[in-house]
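What the coordinates show
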Amino acid sequence: DPNIIVFWWCCYLLFLVPPSIVKLKEPERRHDTCIEFTVRGSPHPTLQWFYKDKVLLIHMTDYIEGCLTFKNPTHHNNGNYTLKATNYLGEATSTVYGHFLNKPFDVTPTAETQKPEDHTFGVTMAVCLAVFACVMLVVLFFFINKYGRHSKFGMKGPVAVISGEEDSASPLHHVNHGIFSPCTLEAGPDTVVIGMTQIPVIENPQYFRHGHNCNKPTAYVQHIKRRDIILKRELGEGAFGKVFLAECYNLSPTKDKMLVAVKTLKDPTLAARKDFQREAELLTNLQHEHIVKFYGVCVDGDPLIMVFEYMKHGDLNKFLRAHGPDAMILVDGQPLQTSGELGLSQMLHIASQIAGGMIYLASQHFVHRDLATRNCLVGNGLLVKIGDFGMSRDIYSTDYYRVGGHTMLPIRWMPPESIMYRKFTTESDVWSFGVILWEIFTYGKQPWFQLANNEVIECITQGRVLERPQLCPKEVYDMMLGCWQREPQQRLNIKDIQKMLFTLMKATPVYLDILG
Ligand code: AMP
C-alpha cells in the first residue's frame with residue numbers, strides 16, 4: 001500500500017538526526033584517566049579521535065556515551081584531543097584539552113632541588129650567624145682577658161670541643177665522618193633531613209650514630225670465630241656480597257650447632273668496611289620479634305661476615321611471587337600450577353607482622369627509609385621479619401633510581417616529600433608500608449611496573465596513587481589510601497594500622513597450613 005510506504009518513510013525521516021557532540025569533558029587533572037563524551041545522531045555516528053591532529057582511534061560503535069581511557073597518563077599525554085562524529089547526514093567535531101600531569105622537575109640531589117631562594121636564604125642566614133658568632137667570640141675573649149679565668153658561667157679554661165669518638169661505647173671502630181655530630185641531626189623527634197652536598201650516597205643518618213638511641217648504651221657487637229662457621233650453599237646476593245646458608249657452632253648455649261644465614265663482604269674498600277661496621281652496630285641494637293635476629297660478625301680475615309638467623313623462605317618479594325596465581329613449579333621439566341596461593345588471611349597476617357616491626361622501629365626513633373617486601377624475610381609458619389637495613393640494592397637494582405653519581409633511591413616506595421626534598425620520617429615509612437600492602441595484594445608486583453622511573457616520579461609528586469589491586473578488599477585499599485595521604489601528618493599511624501589489620505584478621509581466620 002503506497003500510504004503505508006509513505007508513512008514509514010516519514011517516520012524514518014523524522015528519526016534521522018545528524019551527529020552532534022553533546023558532551024566532551026576535560027579530564028580533571030591528576031585524578032581522571034579518561035575523557036568522557038556523549039554524542040547524538042541517527043543512524044549512530046562513527047567516532048574518530050585525533051590527538052595533535054593525528055588519528056588516534058576509530059570507533060565503529062553503538063555507544064553514544066563513553067570514555068577515551070588512558071592507562072596511567074603522564075605529561076606526555078597532555079594535549080588537544082578532537083572527537084569527530086560522522087554519519088551520512090553530516091559530521092560534528094569538538095576538541096578538549098587533556099591535561100593529565102605537569103611536566104616534572106629533574107630529580108637531582110637535594111641541594112640542587114631546593115628552591116634557589118631557599119638556598120640564598122640559607123646562605124644569608126649562615127653568613128649572618130657566622131658573623132654574629134665571631135663578634136660574640138671576640139667579646140668573650142675580651143671579657144676573659146679582662147676579668148681573668150673565673151668566668152661567672154663556671155667554665156674553666158677554653159670551651160670543650162665535643163668529640164664523637166669519646167662518646168661511643170661500641171667496641172667496633174667508631175664511625176665519625178667528621179660531617180655530622182651524632183644526635184644533632186634530627187629536625188624533630190622523627191624528622192631527619194640530610195644535606196646531600198656533603199656525601200655522595202644517601203646515607204641513613206642513623207648509621208652515623210653510635211647506637212640507635214643516643215640516650216641508651218650501645219650493645220656490644222658479638223664476634224664469632226671463623227672456624228665456627230661452615231658454609232653450606234649460596235642463598236642470594238646483596239649489595240655487599242654473597243649470602244650463604246651456613247652452620248654455626250657455639251652460638252647457642254642449648255645447641256651444638258645451628259643453621260644461620262651469613263652475609264659476606266669480600267675485598268672491602270675502606271668505605272665498604274665502614275658501612276659493614278655501621279650496619280653491624282645498628283643491627284646489634286635492634287632487637288624485636290619482627291626484626292631479623294643478628295648474631296654477630298666475623299672480622300678475622302677475609303671475607304668479613306655478618307651472621308643472621310636463617311629465614312627458611314627467603315625474601316618476602318620472592319615468596320609472594322612464588323605463592324601468586326602466576327607461580328609455576330617444574331615437575332619433570334614440565335610446568336605445573338602450584339596450589340599454594342596465599343589467601344586474604346595470610347596476606348593480613350604478613351602485613352600485621354611487618355607493622356609490628358615498624359612499631360618497634362618507630363619506638364626507637366629509627367626511620368628505615370627502604371621498607372619494601374624485598375627487605376623482609378619469611379621463616380617457618382609464615383613468620384615475617386624486617387630483614388635488611390640497606391644491603392639489598394644489587395639484585396633488585398631496577399627497584400632503585402639512580403640520581404647523580406651513586407645515589408640510588410627506591411622511588412616507587414617513596415612519598416612526594418622524600419622524592420622532592422629527601423625528607424625521611426616515620427610518616428614516610430608509613431607511606432612505604434602502604435606500598436608493601438599493595439605488593440602483598442598483587443603477589444609481589446613491582447609498583448608502577450608499567451612506568452619508567454621518571455614517569456613514576458611524575459605520578460607520585462603530582463598526587464596519583466597506585467590502583468586498587470584486583471583481589472584487594474575495600475577496607476585494605478582504604479588503609480593503603482590512608483598511608484598515601486599527601487600530608488605526612490594526615491597519614492595513618494602505624495599502631496592504628498596494626499589494630500585495623502588485627503580487626504580484619506578476626507573477621508578472616510588465619511590458616512597457616514600452607515607452609516611448613
Ligand atoms: P640481602 O643482602 O639482604 O639483600 O640478601 C640477598 C638475598 O639473600 C635475599 O634476597 C634473600 O633471598 C637471601 N637472604 C638474606 N638474608 C637471609 C636470611 N637471613 N635467611 C635466608 N635468606 C636470606
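Residues numbered from 1 in each chain as written. Predicted model: local features only at pLDDT ≥ 70, side-chain atom pairs only at ≥ 80, totals over all residues. Heavy atoms only, no water.

**Brief notes about the overall build of the protein**
For the protein, the helix and strand inventory stands at 12 helices and 20 strands. Here the protein holds 516 residues, and the buried ones make up 47% of them. Excluding contacts between residues fewer than 6 apart, the proportion of contacts in the protein whose partners are at least 24 apart in sequence is 65%. Counting only carbon and sulfur atoms, one obtains 58% of the accessible surface of the protein, whose full area is about 27300 Å². (Helix = DSSP H or I, 4+ residues; strand = E, 2+ residues; numbered from the N terminus. Buried < 20%, exposed > 50% of the residue type's maximum accessible area, 1.4 Å probe, protein only. Contact = heavy atoms within 4.5 Å. Areas by Shrake-Rupley, 256 points an atom, 1.4 Å probe, with all protein chains shown as cover.)

**Structural notes on the packing of helix α9 (residues 426–441) against helix α11 (residues 474–483)**
Between α9 and α11, the shortest axis-to-axis distance is 7 Å and the interhelical angle comes to 150°. Our classification of the angle between α9 and α11 gives roughly antiparallel. Regarding α9 and α11, the two cross each other, and that crossing is left-handed. Along its contact with α9, which presents V430, W431, F433, G434, L437, W438 and F441, the element α11 presents V476, M479, M480 and C483. The residue inventory of the contact of α9 with α11, partitioned by class, reads 10 nonpolar, 1 polar and no charged. (Axes fitted to C-alpha atoms, helices over the stretch in contact; angles between N-to-C directions. Parallel < 35°, antiparallel > 145°, perpendicular 65-115°, else oblique. Left-handed = near helix turned anticlockwise from the far one by under 90°. Nonpolar A, V, L, I, M, F, W, Y, C, P; charged D, E, K, R; others polar.)

**Brief notes about the site of the ligand**
Neighbouring the ligand are 17 residues; K263, E309, M311, D315 and D388 lie closest to it. Contact distances for the ligand include 2.9 Å between a nitrogen atom and a backbone N or O atom of E309. In isolation the ligand has 480 Å² of accessible area, and contact with the protein removes 96% of it. Among the elements that take part in the shell around the ligand, strand β9 (residues 229–237) stands out by supplying 3 residues, more than any other. Considering only residue class, the shell around the ligand consists of 8 nonpolar, 3 polar and 6 charged. (Near = heavy atom within 4 Å. Polar contact = N/O pair within 3.5 Å; in protein donor to acceptor, adjacent residues only side chain to side chain.)

**Some words on the sheet that holds strand β11 (residues 257–265)**
To summarise the sheet geometry, strands pair through backbone hydrogen bonds and adopt either a parallel or an antiparallel arrangement. The 5 strands lie next to each other as β9-β10-β11-β13-β12, forming an open sheet whose pairing is antiparallel. The open sheet has two free edges, formed respectively by β9 and β12 (294–298), since each of these has just one partner strand. If you compare each strand with its neighbour and ignore which way they point, the axes differ by 30° on average. Looking at chain direction, β9 and strand β10 (residues 242–249) are connected through 7 bridges and run antiparallel. Bridging across to β10, E234 finds its partner in F244. (Pairing = 2+ DSSP bridges.)

**Observations concerning unusual backbone geometry**
In this chain, S42 is followed by P43 through a cis amide linkage whose omega measures 0°. Structurally, the position occupied by P43 is in the loop between β2 (34–42) and β3 (46–51). Phi is positive for W448, close to 55°, though the residue is something other than glycine. With respect to the element layout, W448 can be found in the loop between α9 and α10 (453–461).

**Brief notes about the sheet that holds strand β5 (residues 65–69)**
Pairing in this open sheet of 3 strands is antiparallel, and the strands run β1-β2-β5 from one edge to the other. Edge positions in the sheet fall to β1 (17–24) and β5, since each of these pairs with one other strand and no more. Taken pair by pair, the neighbouring strands of this sheet meet at an average axis angle of 30°, ignoring direction. Sheet topology places β2 next to β5; 5 bridges connect them, and they run antiparallel. If you follow T38 over to β5, its bridge partner there is E65.

**Examining the nonpolar core**
Grouped together as the largest cluster of nonpolar side chains are 77 residues, with contacts concentrated most on I350, I354 and F433. If one sorts the elements of this core by residue count, helix α7 (residues 344–363) sits on top with 10 residues. Here I350 is in contact with L316, F319, L320, L342, L382, V384 and I440, once residues within four sequence places are set aside. By size, the runner-up hydrophobic cluster in this structure holds 16 residues, among which are L24, I35, L68 and Y81. (Core = buried A, V, L, I, M, F, W, Y, C linked by side-chain atoms within 4.5 Å.)

**Topic: the state of the cysteines**
Counted by the stated rule, this structure contains 1 disulfide. One disulfide bridge connects C34 with C67, the sulfur atoms lying 2.0 Å from each other. Here the residue C34 occupies a position in strand β2, and C67 occupies one in strand β5, the gap between them amounting to 33 residues. For C34, a relative accessible area of 15% gives the class buried. Relative accessible area serves as the criterion here: at 30%, C67 is assigned to the partly exposed category. (Disulfide = S-S within 2.5 Å.)

**So, the UniProt feature "active site" (unreviewed entry) in the protein**
UniProt records the feature "active site" (unreviewed entry) for D370 in the present numbering. With respect to the helices and strands, the residue D370 is situated in the loop between α7 and β16 (376–378). Under the relative-accessibility criterion, D370 is labelled buried at 3%. (UniProt positions renumbered as here; feature names shortened; annotations may be inferred.)

**Digging into the pattern of salt bridges**
Within this structure, the stated rule accounts for 13 salt bridges. For E234, the salt bridge is made with K242, and the minimal N-O distance between the two is 3.8 Å. For E234, a relative accessible area of 40% translates into the label partly exposed. Within this structure, K23, K25 and E36 form a network of salt bridges that share partners. (Salt bridge = Lys/Arg side-chain N within 4 Å of Asp/Glu carboxyl O.)

**A look at the confidence of the model for the protein**
Summary statistics for the protein give a mean pLDDT of 76 and a share of 70% for residues scoring 70 or more. Confidence over residues 147–203 falls short of pLDDT 50; this stretch has 88 contacts with residues more than four positions distant or in other chains. A low-confidence stretch, residues 207–215 stays under pLDDT 50, and its non-local contacts, those more than four residues away or across chains, total 28 contacts. (pLDDT = per-residue confidence, 0-100.)

**What about the UniProt feature "binding site: Mg(2+)" (unreviewed entry) in the protein?**
The residues that UniProt annotates with the feature "binding site: Mg(2+)" (unreviewed entry) are N375 and D388. One can find N375 in the loop between α7 and β16.

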